[in-house]
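Examining the three-dimensional arrangement
Next come the chains, spelled out residue by residue.
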Amino acid sequence: MRGLTAPVAAIPHEAVASIDAAQILDALPVAVLLTRDDRSIRYANPAAEQLFSVSAAQLTGLEMTALIPSDSPLHDVLARALAGGQPVSEYGLFLETPRIGTHVVDVHVAAVSGQGQGAVISISEHSMAHRLDRQLSHRGAARSVTAMAAMLAHEVKNPLSGIRGAAQLLERGLRAEDRPLTRLICEETDRICGIVDRMEVFSDRRVLERGPVNIHKVLDHVRRLAFSGFASQVRFFDRFDPSLPPVLGNRDQLVQVFLNLVKNAAEAVPELGGEIVLSTSYQTGVRVGTLGGGSRTELPLVIAVQDNGVGIADDIRPHLFDAFVTSKTNGSGLGLALVAKIVGDHGGVIEFESQPRRTVFRVRLPIAAGMPAEEE
Ligand SMILES: Nc1ncnc2c1ncn2[C@@H]1O[C@H](COP(=O)(O)OP(=O)(O)OP(=O)(O)O)[C@@H](O)[C@H]1O
Ligand SMILES: [Mg+2]
(Lines give C-alpha, C1' and ligand atoms only; values in the text may rest on other atoms or scores of the structure.)
(Ligands and ions follow the chains in the order given, each with its own letter.)
Protein backbone atom coordinates (compact mmCIF):
# COMPACT_ATOMS: atom_id res chain seq x y z
CA MET A 1 0.00 0.00 0.00
CA ARG A 2 3.01 2.31 0.23
CA GLY A 3 1.39 4.91 2.45
CA LEU A 4 -1.88 5.67 0.64
CA THR A 5 -4.92 4.12 2.22
CA ALA A 6 -7.77 6.56 1.78
CA PRO A 7 -10.67 5.14 -0.25
CA VAL A 8 -11.75 7.34 -3.12
CA ALA A 9 -14.93 8.49 -1.45
CA ALA A 10 -15.50 11.36 -3.88
CA ILE A 11 -16.17 9.00 -6.78
CA PRO A 12 -19.85 8.11 -6.47
CA HIS A 13 -20.07 4.99 -8.61
CA GLU A 14 -20.16 1.96 -6.30
CA ALA A 15 -17.84 -0.18 -8.35
CA VAL A 16 -15.24 2.55 -8.44
CA ALA A 17 -15.67 3.64 -4.83
CA SER A 18 -14.43 0.26 -3.68
CA ILE A 19 -11.07 0.76 -5.43
CA ASP A 20 -8.57 2.53 -3.24
CA ALA A 21 -6.46 5.47 -4.34
CA ALA A 22 -3.22 3.51 -4.65
CA GLN A 23 -4.83 1.04 -7.05
CA ILE A 24 -5.87 3.92 -9.28
CA LEU A 25 -2.44 5.53 -9.10
CA ASP A 26 -0.77 2.17 -9.81
CA ALA A 27 -2.82 1.82 -12.98
CA LEU A 28 -1.92 5.26 -14.35
CA PRO A 29 0.55 5.40 -17.24
CA VAL A 30 1.82 8.73 -15.89
CA ALA A 31 4.59 8.78 -13.28
CA VAL A 32 3.18 9.95 -9.93
CA LEU A 33 5.17 10.85 -6.83
CA LEU A 34 3.61 11.85 -3.53
CA THR A 35 5.93 13.87 -1.33
CA ARG A 36 6.02 14.66 2.34
CA ASP A 37 6.47 18.48 2.45
CA ASP A 38 9.01 19.36 -0.25
CA ARG A 39 11.61 16.85 0.82
CA SER A 40 11.02 13.15 0.86
CA ILE A 41 8.99 10.75 -1.25
CA ARG A 42 6.01 9.07 0.40
CA TYR A 43 4.78 7.09 -2.54
CA ALA A 44 5.76 6.34 -6.15
CA ASN A 45 3.62 4.51 -8.68
CA PRO A 46 4.94 1.86 -11.13
CA ALA A 47 5.21 4.44 -13.95
CA ALA A 48 7.51 6.48 -11.69
CA GLU A 49 9.60 3.38 -10.95
CA GLN A 50 9.97 2.95 -14.66
CA LEU A 51 10.75 6.58 -15.41
CA PHE A 52 13.45 6.83 -12.75
CA SER A 53 14.65 3.20 -13.05
CA VAL A 54 14.39 2.86 -9.27
CA SER A 55 12.08 0.46 -7.43
CA ALA A 56 9.16 1.89 -5.47
CA ALA A 57 10.61 0.38 -2.29
CA GLN A 58 13.82 2.36 -2.82
CA LEU A 59 11.93 5.49 -3.83
CA THR A 60 9.77 5.49 -0.69
CA GLY A 61 11.43 7.60 1.97
CA LEU A 62 14.08 8.86 -0.47
CA GLU A 63 14.98 12.55 -0.32
CA MET A 64 13.72 14.36 -3.46
CA THR A 65 17.20 15.85 -4.01
CA ALA A 66 18.70 12.36 -3.96
CA LEU A 67 16.46 11.46 -6.89
CA ILE A 68 16.47 14.76 -8.76
CA PRO A 69 19.47 17.12 -8.42
CA SER A 70 18.67 20.22 -6.34
CA ASP A 71 19.33 22.60 -9.25
CA SER A 72 16.63 20.93 -11.36
CA PRO A 73 13.75 23.24 -12.39
CA LEU A 74 11.38 20.59 -11.02
CA HIS A 75 12.24 21.73 -7.48
CA ASP A 76 11.26 25.25 -8.43
CA VAL A 77 7.88 23.97 -9.69
CA LEU A 78 7.38 22.02 -6.47
CA ALA A 79 8.24 25.05 -4.31
CA ARG A 80 5.83 27.25 -6.29
CA ALA A 81 2.97 24.78 -5.95
CA LEU A 82 3.56 24.40 -2.20
CA ALA A 83 3.89 28.15 -1.64
CA GLY A 84 0.96 29.22 -3.79
CA GLY A 85 -1.46 26.41 -2.92
CA GLN A 86 -2.44 26.35 -6.62
CA PRO A 87 -1.60 23.52 -9.02
CA VAL A 88 1.36 24.37 -11.24
CA SER A 89 2.03 22.90 -14.68
CA GLU A 90 5.21 23.11 -16.70
CA TYR A 91 5.43 21.89 -20.24
CA GLY A 92 8.63 20.97 -22.00
CA LEU A 93 10.73 20.90 -18.84
CA PHE A 94 14.18 19.29 -18.93
CA LEU A 95 14.34 16.55 -16.34
CA GLU A 96 17.93 15.52 -15.91
CA THR A 97 19.14 12.93 -13.44
CA PRO A 98 22.47 11.09 -13.38
CA ARG A 99 20.63 7.78 -13.64
CA ILE A 100 18.22 8.41 -16.51
CA GLY A 101 19.91 11.22 -18.41
CA THR A 102 17.77 13.97 -19.93
CA HIS A 103 14.06 13.67 -20.58
CA VAL A 104 11.73 16.36 -21.85
CA VAL A 105 8.61 16.13 -19.73
CA ASP A 106 5.36 17.80 -18.72
CA VAL A 107 5.05 18.22 -14.97
CA HIS A 108 1.93 18.92 -12.93
CA VAL A 109 2.26 19.58 -9.20
CA ALA A 110 -0.57 20.05 -6.73
CA ALA A 111 -0.24 20.64 -3.02
CA VAL A 112 -2.17 18.23 -0.79
CA SER A 113 -3.17 19.05 2.73
CA GLY A 114 -3.72 16.58 5.54
CA GLN A 115 -1.12 14.75 7.65
CA GLY A 116 1.76 17.19 7.01
CA GLN A 117 1.81 19.21 3.83
CA GLY A 118 2.92 17.43 0.72
CA ALA A 119 2.45 17.45 -3.00
CA VAL A 120 1.37 15.16 -5.81
CA ILE A 121 3.76 15.35 -8.74
CA SER A 122 2.81 13.83 -12.05
CA ILE A 123 5.39 13.59 -14.79
CA SER A 124 4.65 12.58 -18.34
CA GLU A 125 6.83 12.42 -21.37
CA HIS A 126 6.16 13.41 -24.92
CA SER A 127 2.75 14.99 -24.71
CA MET A 128 2.87 18.75 -24.92
CA ALA A 129 6.65 18.60 -24.89
CA HIS A 130 6.50 16.41 -27.93
CA ARG A 131 3.98 18.69 -29.60
CA LEU A 132 6.18 21.67 -28.85
CA ASP A 133 9.03 19.86 -30.48
CA ARG A 134 6.75 19.20 -33.42
CA GLN A 135 5.74 22.83 -33.51
CA LEU A 136 9.38 23.83 -33.68
CA SER A 137 9.88 21.38 -36.48
CA HIS A 138 6.83 22.87 -38.24
CA ARG A 139 8.83 26.04 -38.33
CA GLY A 140 11.64 24.01 -39.86
CA ALA A 141 9.18 22.63 -42.38
CA ALA A 142 7.94 26.16 -42.97
CA ARG A 143 11.46 27.11 -43.92
CA SER A 144 11.45 24.59 -46.73
CA VAL A 145 8.03 25.87 -47.78
CA THR A 146 9.64 29.30 -47.87
CA ALA A 147 12.05 28.50 -50.67
CA MET A 148 9.27 26.80 -52.57
CA ALA A 149 6.96 29.82 -52.09
CA ALA A 150 9.62 32.13 -53.48
CA MET A 151 10.07 29.84 -56.48
CA LEU A 152 6.32 29.52 -57.02
CA ALA A 153 5.85 33.27 -56.82
CA HIS A 154 8.27 33.67 -59.65
CA GLU A 155 7.67 30.61 -61.79
CA VAL A 156 3.93 30.23 -61.29
CA LYS A 157 2.37 33.54 -60.36
CA ASN A 158 3.91 35.52 -63.21
CA PRO A 159 2.83 33.15 -65.98
CA LEU A 160 -0.57 32.80 -64.29
CA SER A 161 -1.21 36.51 -64.50
CA GLY A 162 -0.39 36.26 -68.21
CA ILE A 163 -2.88 33.40 -68.63
CA ARG A 164 -5.53 35.30 -66.71
CA GLY A 165 -5.02 38.44 -68.83
CA ALA A 166 -5.24 36.40 -72.03
CA ALA A 167 -8.47 34.75 -70.87
CA GLN A 168 -9.99 38.16 -70.15
CA LEU A 169 -9.04 39.38 -73.61
CA LEU A 170 -10.52 36.26 -75.20
CA GLU A 171 -13.73 36.67 -73.24
CA ARG A 172 -14.57 39.85 -75.09
CA GLY A 173 -14.80 38.06 -78.43
CA LEU A 174 -16.70 35.03 -77.15
CA ARG A 175 -20.36 34.18 -77.44
CA ALA A 176 -22.27 34.32 -74.14
CA GLU A 177 -22.52 30.52 -73.86
CA ASP A 178 -18.72 30.13 -74.12
CA ARG A 179 -17.92 32.75 -71.50
CA PRO A 180 -18.19 30.35 -68.53
CA LEU A 181 -15.02 28.70 -69.92
CA THR A 182 -12.90 31.84 -69.72
CA ARG A 183 -14.43 32.62 -66.34
CA LEU A 184 -13.37 29.16 -65.20
CA ILE A 185 -9.79 29.92 -66.30
CA CYS A 186 -9.85 33.17 -64.31
CA GLU A 187 -11.32 31.58 -61.19
CA GLU A 188 -8.88 28.71 -61.19
CA THR A 189 -5.86 30.97 -61.76
CA ASP A 190 -7.09 33.13 -58.86
CA ARG A 191 -7.34 30.04 -56.69
CA ILE A 192 -3.77 29.02 -57.50
CA CYS A 193 -2.56 32.57 -56.82
CA GLY A 194 -4.40 32.44 -53.50
CA ILE A 195 -2.54 29.28 -52.49
CA VAL A 196 0.82 30.78 -53.45
CA ASP A 197 -0.05 33.94 -51.49
CA ARG A 198 -0.81 31.87 -48.40
CA MET A 199 2.49 30.06 -48.76
CA GLU A 200 4.32 33.35 -48.97
CA VAL A 201 3.28 34.09 -45.40
CA PHE A 202 5.70 31.37 -44.31
CA SER A 203 8.56 33.25 -45.87
CA ASP A 204 7.83 36.41 -43.89
CA ARG A 205 10.83 36.65 -41.62
CA ARG A 206 10.12 40.11 -40.24
CA VAL A 207 10.10 40.35 -36.46
CA LEU A 208 6.52 40.16 -35.29
CA GLU A 209 5.18 43.51 -34.14
CA ARG A 210 3.32 42.81 -30.94
CA GLY A 211 1.27 44.88 -28.55
CA PRO A 212 -1.70 44.52 -26.22
CA VAL A 213 -4.62 42.99 -28.11
CA ASN A 214 -8.15 42.53 -26.82
CA ILE A 215 -8.78 38.94 -27.83
CA HIS A 216 -12.56 39.29 -27.47
CA LYS A 217 -12.56 41.94 -30.18
CA VAL A 218 -10.53 39.61 -32.38
CA LEU A 219 -13.00 36.80 -31.77
CA ASP A 220 -16.01 39.08 -32.41
CA HIS A 221 -14.45 40.17 -35.68
CA VAL A 222 -13.72 36.59 -36.72
CA ARG A 223 -17.26 35.52 -35.86
CA ARG A 224 -18.70 38.37 -37.91
CA LEU A 225 -16.53 37.47 -40.90
CA ALA A 226 -17.45 33.81 -40.55
CA PHE A 227 -21.15 34.44 -40.09
CA SER A 228 -21.39 36.68 -43.11
CA GLY A 229 -19.45 34.20 -45.23
CA PHE A 230 -18.60 30.54 -44.86
CA ALA A 231 -20.44 29.91 -41.56
CA SER A 232 -23.79 31.55 -42.17
CA GLN A 233 -25.68 28.38 -41.18
CA VAL A 234 -23.74 27.81 -37.98
CA ARG A 235 -24.88 28.78 -34.48
CA PHE A 236 -22.18 30.54 -32.49
CA PHE A 237 -21.92 30.58 -28.70
CA ASP A 238 -19.57 32.69 -26.56
CA ARG A 239 -18.15 31.76 -23.22
CA PHE A 240 -15.90 34.73 -22.59
CA ASP A 241 -14.18 35.62 -19.35
CA PRO A 242 -14.81 39.40 -19.35
CA SER A 243 -11.94 40.10 -16.97
CA LEU A 244 -9.35 38.63 -19.34
CA PRO A 245 -6.26 40.83 -19.69
CA PRO A 246 -4.98 41.69 -23.19
CA VAL A 247 -2.87 39.27 -25.18
CA LEU A 248 0.65 40.24 -26.14
CA GLY A 249 0.21 39.74 -29.84
CA ASN A 250 -0.27 40.95 -33.36
CA ARG A 251 -3.96 41.65 -34.00
CA ASP A 252 -4.03 40.82 -37.72
CA GLN A 253 -2.15 37.58 -37.27
CA LEU A 254 -4.39 36.54 -34.38
CA VAL A 255 -7.39 37.15 -36.67
CA GLN A 256 -5.72 34.75 -39.13
CA VAL A 257 -5.31 32.13 -36.42
CA PHE A 258 -8.92 32.16 -35.25
CA LEU A 259 -10.34 32.60 -38.73
CA ASN A 260 -8.58 29.41 -39.81
CA LEU A 261 -9.73 27.52 -36.70
CA VAL A 262 -13.33 28.72 -37.09
CA LYS A 263 -13.26 27.91 -40.81
CA ASN A 264 -12.11 24.36 -40.10
CA ALA A 265 -14.80 24.05 -37.43
CA ALA A 266 -17.47 25.33 -39.83
CA GLU A 267 -16.30 22.87 -42.49
CA ALA A 268 -16.52 19.99 -40.01
CA VAL A 269 -19.98 20.61 -38.53
CA PRO A 270 -23.17 19.13 -39.99
CA GLU A 271 -25.18 21.30 -42.38
CA LEU A 272 -28.08 21.32 -39.96
CA GLY A 273 -27.40 21.92 -36.27
CA GLY A 274 -23.78 23.02 -36.63
CA GLU A 275 -22.49 24.73 -33.46
CA ILE A 276 -19.24 26.51 -32.67
CA VAL A 277 -18.33 27.61 -29.15
CA LEU A 278 -15.69 30.31 -28.71
CA SER A 279 -14.40 30.51 -25.16
CA THR A 280 -11.72 32.33 -23.24
CA SER A 281 -10.34 31.72 -19.77
CA TYR A 282 -7.43 32.55 -17.52
CA GLN A 283 -5.40 29.65 -16.16
CA THR A 284 -2.31 30.27 -14.10
CA GLY A 285 0.51 27.83 -13.69
CA VAL A 286 1.14 26.93 -17.33
CA ARG A 287 4.57 27.90 -18.55
CA VAL A 288 6.60 26.78 -21.51
CA GLY A 289 10.16 27.16 -22.58
CA THR A 290 11.66 26.55 -25.94
CA LEU A 291 13.38 23.23 -26.27
CA GLY A 292 17.02 23.95 -25.82
CA GLY A 293 16.45 26.01 -22.70
CA GLY A 294 16.26 29.76 -22.52
CA SER A 295 13.58 31.76 -20.83
CA ARG A 296 10.23 30.35 -19.85
CA THR A 297 7.01 32.17 -20.57
CA GLU A 298 3.80 32.07 -18.64
CA LEU A 299 0.83 31.31 -20.93
CA PRO A 300 -2.26 32.07 -18.87
CA LEU A 301 -4.65 33.05 -21.67
CA VAL A 302 -6.61 30.15 -23.08
CA ILE A 303 -8.75 30.62 -26.17
CA ALA A 304 -10.73 27.62 -27.34
CA VAL A 305 -12.65 26.92 -30.53
CA GLN A 306 -15.01 23.98 -30.12
CA ASP A 307 -17.28 22.39 -32.72
CA ASN A 308 -19.80 19.56 -32.83
CA GLY A 309 -18.49 18.17 -36.10
CA VAL A 310 -17.26 14.79 -37.23
CA GLY A 311 -13.93 14.92 -35.41
CA ILE A 312 -10.41 14.72 -36.80
CA ALA A 313 -9.60 11.65 -38.88
CA ASP A 314 -7.21 9.30 -37.03
CA ASP A 315 -4.71 8.99 -39.87
CA ILE A 316 -3.93 12.70 -40.09
CA ARG A 317 -3.70 13.41 -36.34
CA PRO A 318 0.06 12.86 -36.02
CA HIS A 319 0.74 15.31 -38.87
CA LEU A 320 -2.16 17.68 -38.33
CA PHE A 321 -0.06 20.85 -38.19
CA ASP A 322 2.18 19.96 -41.13
CA ALA A 323 1.73 21.86 -44.38
CA PHE A 324 -0.28 20.15 -47.15
CA VAL A 325 -2.04 17.72 -44.79
CA THR A 326 -5.71 17.76 -45.72
CA SER A 327 -8.72 15.48 -45.91
CA LYS A 328 -10.71 17.88 -48.09
CA THR A 329 -11.03 17.67 -51.86
CA ASN A 330 -10.47 21.40 -52.22
CA GLY A 331 -8.28 21.90 -49.16
CA SER A 332 -4.69 23.06 -49.44
CA GLY A 333 -3.72 21.86 -45.96
CA LEU A 334 -2.08 25.18 -45.17
CA GLY A 335 -4.56 26.45 -42.55
CA LEU A 336 -3.24 24.68 -39.46
CA ALA A 337 0.39 24.97 -40.58
CA LEU A 338 -0.13 28.72 -40.67
CA VAL A 339 -1.92 28.66 -37.31
CA ALA A 340 0.97 26.71 -35.75
CA LYS A 341 3.51 29.12 -37.20
CA ILE A 342 1.73 32.23 -35.91
CA VAL A 343 1.02 30.75 -32.47
CA GLY A 344 4.68 29.68 -32.30
CA ASP A 345 5.85 33.17 -33.32
CA HIS A 346 3.78 34.49 -30.40
CA GLY A 347 5.56 32.12 -28.01
CA GLY A 348 2.26 30.28 -27.46
CA VAL A 349 1.17 26.70 -27.91
CA ILE A 350 -1.78 25.00 -29.55
CA GLU A 351 -3.35 21.71 -28.52
CA PHE A 352 -6.38 19.80 -29.72
CA GLU A 353 -8.74 17.11 -28.49
CA SER A 354 -11.14 15.45 -30.83
CA GLN A 355 -13.93 12.94 -30.78
CA PRO A 356 -17.08 12.81 -32.89
CA ARG A 357 -19.33 15.76 -32.00
CA ARG A 358 -16.65 17.46 -29.89
CA THR A 359 -13.43 18.84 -31.33
CA VAL A 360 -11.57 21.54 -29.42
CA PHE A 361 -8.54 23.54 -30.52
CA ARG A 362 -7.02 25.35 -27.54
CA VAL A 363 -4.53 28.18 -28.02
CA ARG A 364 -2.46 29.33 -25.03
CA LEU A 365 -0.92 32.78 -25.25
CA PRO A 366 1.08 35.19 -23.08
CA ILE A 367 -0.47 38.33 -21.58
CA ALA A 368 0.65 41.87 -22.31
CA ALA A 369 1.63 42.49 -18.67
CA GLY A 370 2.13 46.08 -17.59
CA MET A 371 1.40 47.48 -21.05
CA PRO A 372 -1.17 50.18 -21.68
CA ALA A 373 -4.53 48.93 -22.90
CA GLU A 374 -5.11 48.56 -26.60
CA GLU A 375 -6.19 51.71 -28.39
CA GLU A 376 -9.79 51.75 -29.48
N1 LIG B 1 -12.37 21.23 -36.39
C2 LIG B 1 -11.99 20.18 -37.15
N3 LIG B 1 -12.76 19.06 -37.20
C4 LIG B 1 -12.38 18.01 -37.97
N5 LIG B 1 -11.27 17.97 -38.71
C6 LIG B 1 -10.47 19.04 -38.71
C7 LIG B 1 -10.77 20.19 -37.93
N8 LIG B 1 -9.78 21.10 -38.11
C9 LIG B 1 -8.91 20.53 -38.96
N10 LIG B 1 -9.31 19.29 -39.34
C11 LIG B 1 -8.62 18.37 -40.24
O12 LIG B 1 -7.31 18.85 -40.44
C13 LIG B 1 -7.02 18.97 -41.82
C14 LIG B 1 -6.02 20.08 -42.02
O15 LIG B 1 -6.60 21.34 -41.73
P16 LIG B 1 -6.01 22.64 -42.42
O17 LIG B 1 -6.79 23.80 -41.96
O18 LIG B 1 -4.53 22.65 -42.20
O19 LIG B 1 -6.22 22.37 -43.96
P20 LIG B 1 -7.59 22.33 -44.77
O21 LIG B 1 -8.70 22.92 -43.94
O22 LIG B 1 -7.77 20.96 -45.26
O23 LIG B 1 -7.26 23.28 -46.00
P24 LIG B 1 -7.15 24.87 -45.97
O25 LIG B 1 -7.25 25.33 -44.53
O26 LIG B 1 -5.80 25.15 -46.52
O27 LIG B 1 -8.27 25.34 -46.79
C28 LIG B 1 -8.36 19.18 -42.47
O29 LIG B 1 -8.36 18.80 -43.82
C30 LIG B 1 -9.28 18.32 -41.61
O31 LIG B 1 -9.22 16.98 -42.04
MG1 LIG C 1 -8.44 24.79 -42.97
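Here the structure is a predicted model, which is why all the values come from computation and not from measurement.

Cut-offs used in this document
Residues numbered from 1 in each chain as written. Chains lettered and ligands numbered in written order. Predicted model: local features only at pLDDT ≥ 70, side-chain atom pairs only at ≥ 80, totals over all residues. Heavy atoms only, no water. Pairing = 2+ DSSP bridges. Helix = DSSP H or I, 4+ residues; strand = E, 2+ residues; numbered from the N terminus. Axes fitted to C-alpha atoms, helices over the stretch in contact; angles between N-to-C directions. Buried < 20%, exposed > 50% of the residue type's maximum accessible area, 1.4 Å probe, protein only. Phe/Tyr/Trp six-rings, centres within 6.5 Å; stacked < 30°, edge-to-face > 60°. Parallel < 35°, antiparallel > 145°, perpendicular 65-115°, else oblique. Left-handed = near helix turned anticlockwise from the far one by under 90°. Contact = heavy atoms within 4.5 Å. Nonpolar A, V, L, I, M, F, W, Y, C, P; charged D, E, K, R; others polar. Salt bridge = Lys/Arg side-chain N within 4 Å of Asp/Glu carboxyl O. Near = heavy atom within 4 Å. Polar contact = N/O pair within 3.5 Å; in protein donor to acceptor, adjacent residues only side chain to side chain. Core = buried A, V, L, I, M, F, W, Y, C linked by side-chain atoms within 4.5 Å. Expected span 1.5 Å × (residues − 1). Arc of directions from axis to C-beta.

1. So, the sheet that holds strand β7 (residues 235–239)
Here five strands make up an open sheet; going across it, the order is β7-β9-β12-β14-β13 and the pairing mixed. Two strands close off the open sheet at either side, each with one partner strand: β7 and β13 (349–355). Strand after strand, the sheet turns through a mean of 15° between neighbouring axes, direction not considered. Relative to strand β14 (residues 358–365), β13 runs antiparallel, the two sharing seven bridges.

2. A few points about the pairing of strand β1 (residues 31–36)
Of all six residues in β1, five are buried; the element is thus mostly enclosed. Direction of pairing for β1 relative to strand β5 (residues 118–125): antiparallel, over a ladder of six bridges. Opposite arginine 36, over in β5, you have glycine 118 as the bridge partner.

3. Description of the packing of aromatic side chains
Applying the stated criterion across every chain yields a total of four aromatic pairs. Ring geometry for phenylalanine 227 against phenylalanine 236: centres 6.4 Å apart, planes inclined by 80°, an arrangement best described as edge-to-face. Centroid distance phenylalanine 321 to phenylalanine 352: 6.1 Å. Interplanar angle 55°. Geometry classified as tilted. Here phenylalanine 352 lies in strand β13 and phenylalanine 321 lies in the loop between β12 (301–307) and α11 (335–345), a separation of 31 residues in the sequence.

4. Comments concerning the packing of helix α9 (residues 215–227) against helix α10 (residues 251–268)
Axes are the key here: two packed helices are described by the angle between their axes and the distance separating the axes. Remark: α9 packs on α10, axes separated minimally by 9 Å, with the N-to-C direction vectors making an angle of 50°. With respect to α10, the element α9 is oriented oblique. Here the hand of the crossing between α9 and α10 comes out right-handed. Counted together, Ile215, Val218, Leu219, His221, Val222, Leu225 and Ala226 of α9 and Arg251, Leu254, Val255, Phe258, Leu259 and Val262 of α10 form the full contact between these two elements. Residues that form the contact of α9 with α10 fall into these classes: 11 nonpolar, one polar and one charged.

5. A few points about the pattern of salt bridges
Taken as a whole, this structure holds 19 salt bridges when the rule is applied. Note that arginine 183 is salt-bridged to glutamate 171, the shortest N-O span being 3.7 Å. Residue arginine 183 is found in helix α8 (residues 179–200), and its partner glutamate 171 is found in helix α7 (residues 128–172); the two are separated by 12 residues along the sequence. Among the salt bridges present, the one from aspartate 252 reaches arginine 251, with a minimum N-O distance of 3.1 Å.

6. Regarding the site of ligand 1
Ligand 1 sits among 22 residues. The nearest are Asn264, Thr326, Ser327, Lys328 and Ser332. One of the side-chain N or O atoms of aspartate 307 is found 2.8 Å from a nitrogen atom in ligand 1. Elements supplying a minimum of two residues to the shell around ligand 1: α10, α11 and β14. Broken down by element, the residue count for the shell around ligand 1 peaks at four residues, all from α10. Partitioning the shell around ligand 1 into residue classes produces nine nonpolar, nine polar and four charged.

7. Observations concerning the side chain of asparagine 250
Residue position: asparagine 250 is located in the loop between β8 (247–249) and α10. Reaching out from asparagine 250, the side chain makes a polar contact with the backbone nitrogen of glutamine 253 at a distance of 3.1 Å. For asparagine 250, the contacting residues outside a window of four places in its chain are Leu208, Glu209, Arg210, Val213 and His346.

8. Observations concerning the environment of isoleucine 192
Tracing the sequence through the fold places isoleucine 192 in helix α8. The spatial distance from the C-alpha of isoleucine 192 to the C-alpha of leucine 160 is 8.4 Å, given a sequence separation of 32 residues.

9. Quick notes on the nonpolar core
In this structure, Ile215, Phe258, Leu261, Ile276 and Phe361 are the most contacted members of the largest nonpolar core, which totals 48 residues. Ranked by residue count, the leading element in this core is α10, at eight residues. For phenylalanine 361, the contacting residues outside a window of four places in its chain are Leu261, Ile303, Ala304, Val305, Ile312, Leu320, Phe321, Leu336, Ile350, Glu351 and Phe352. Formed by 28 residues, the second largest nonpolar core is a distinct cluster that contains Phe52, Leu93, Leu95 and Val105.

10. Describing α8
Taking 1.5 Å per residue, 22 residues should reach 32 Å; α8 reaches 32 Å between its end C-alpha atoms and fits that length. What α8 keeps buried is the set Thr182, Cys186, Thr189, Val196 and Met199. Down the axis of α8, the sector holding all buried residues measures 140°, keeping them to one side.

11. Section: unusual backbone geometry
The phi angle at serine 53 is positive, at roughly 55°, despite the residue not being glycine. Here the phi dihedral of arginine 357 falls at roughly 75°; this positive angle occurs in a residue that is not glycine. Along the chain, arginine 357 turns up in the loop between β13 and β14. Classification of arginine 357 by relative accessible area gives exposed; the value is 57%.

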